[in-house]
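# An overview of the molecular structure
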Amino acid sequence: MKNLFLSLFLATGAALSVQAQTFDFKIDHFALVVEDSDVSADFYANILKLEETPHPDKKPGFRWFIVSGNSQIHLIEKDFAPFEKNKSMHLCLSTQDLDGMIAHLEKNKVPYWDWPGKENAVTLRSDGVRQIYIQDPDKYWIEINTAKH
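Here's a quick rundown of the structure.

So, on to the pattern of salt bridges. Summed over all chains, the structure comprises six salt bridges. Where K26 meets D24, a salt bridge forms, and the shortest distance between an N and an O atom there is 2.9 Å. Accessibility assignment for this pair places K26 and D24 in one class, exposed. The closest approach of N and O atoms between D38 and R63, which form a salt bridge, is 2.6 Å. Pair noted here: D38 is in helix α2 (residues 37-46) and R63 is in strand β3 (residues 62-68), with a separation of 25 residues, a long-range link. For R63, a relative accessible area of 22% puts it in the partly exposed group. By sharing partners, the salt bridges in this structure join D38, E52 and R63 into a single network.

Written as C-alpha cells, this is what we have:
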C-alpha cells in the first residue's frame, strides 16, 4: 500500500508543479534625510534635472522628485545622527548620455570621481558600462552610469 501511494504521489507530483510566488516589485521611492530640503532640492532639480512632484500633504521640509515612471526620491528635512557616507552605499541613476551629464556637471562646477576615487575620471566596468560618482549637498554618494534597462 505504501509503495502504491508513493507511486501515485510521484506520478501526479510530476504533473503538479509548485509555482514560486513572485511579488513583481518596482522601486517606489528612495528617501534621504537632508539638512536643508531647499538646498538639496536645488541640487536634485538643477544638477540632476529631476522633476519635482508635490508632497500630498504639502508639509514643509519634504521635497519629492520623479526619477522614472513612478519611482521617486524623497528628501526629508529632519534632525539626523551624522554618519560616514561611504561610496559603497549609494543611489544609482542610469543615463545613455553620460558625456552630456559630465559636461553639465563641469559647467556647474560639480566634481565627479571614478570608483577608485580619481577626480574627474570615469570608470569603465568589465561589462562595458561607464560610471561616475558625485555627491549631493549632504554628501550622499550618487552613481551615474550607462547601464541599459
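What follows is about the side chain of T123. Relative to the helices and strands, T123 resides in strand β6 (residues 123-124). A distance of 2.7 Å separates a polar atom in the side chain of T123 from the backbone nitrogen of W115. Not counting residues within four places of it along the chain, the set of residues in contact with T123 comprises D114, W115, P116, V129, R130 and Q131.

In this section: a nonpolar patch on the surface. Taken together, the side chains of F80, F83 and M89 define a hydrophobic patch exposed on the protein surface, amounting to about 300 Å² of accessible area. Following the sequence through the fold, M89 ends up in the loop between β4 (71-77) and β5 (90-94). Under the relative-accessibility criterion, M89 is labelled partly exposed at 47%.

Moving on, we come to the nonpolar core. Ranked by internal contacts, the top residues of the largest apolar core, which has 24 residues, are Y44 and L48. Only β1 (29-34), α2, β4, β5, α3 (98-107), β7 (130-135) and β8 (141-145) provide two or more residues apiece to this core. If near-sequence neighbours (up to four positions away) are discounted, Y44 is found in contact with L32, K49, L50, F65, I73, L75, D136 and I142.

To continue, consider the sheet that holds β1. Strand order in the open sheet formed by four strands is β1-β4-β3-β2, with mixed pairing between adjacent strands. Two strands close off the open sheet at either side, each with one partner strand: β1 and β2 (51-53). Averaged over neighbouring strand pairs, the angle between their axes works out to 30 degrees when direction is ignored. Note that β1 and β4 share six bridges and pair parallel.

Here is what the cut-offs are and how they apply
- Residues numbered from 1 in each chain as written.
- Predicted model: local features only at pLDDT ≥ 70, side-chain atom pairs only at ≥ 80, totals over all residues.
- Heavy atoms only, no water.
- Salt bridge = Lys/Arg side-chain N within 4 Å of Asp/Glu carboxyl O.
- Buried < 20%, exposed > 50% of the residue type's maximum accessible area, 1.4 Å probe, protein only.
- Helix = DSSP H or I, 4+ residues; strand = E, 2+ residues; numbered from the N terminus.
- Polar contact = N/O pair within 3.5 Å; in protein donor to acceptor, adjacent residues only side chain to side chain.
- Contact = heavy atoms within 4.5 Å.
- Patch = residues over 30% accessible without salt bridge, like charges linked within 9 Å, V, L, I, M, F, W, Y side chains within 5 Å.
- Areas by Shrake-Rupley, 256 points an atom, 1.4 Å probe, with all protein chains shown as cover.
- Core = buried A, V, L, I, M, F, W, Y, C linked by side-chain atoms within 4.5 Å.
- Pairing = 2+ DSSP bridges.
- Axes fitted to C-alpha atoms, helices over the stretch in contact; angles between N-to-C directions.

Such coordinate-based values are descriptive only and should not be taken to indicate function.
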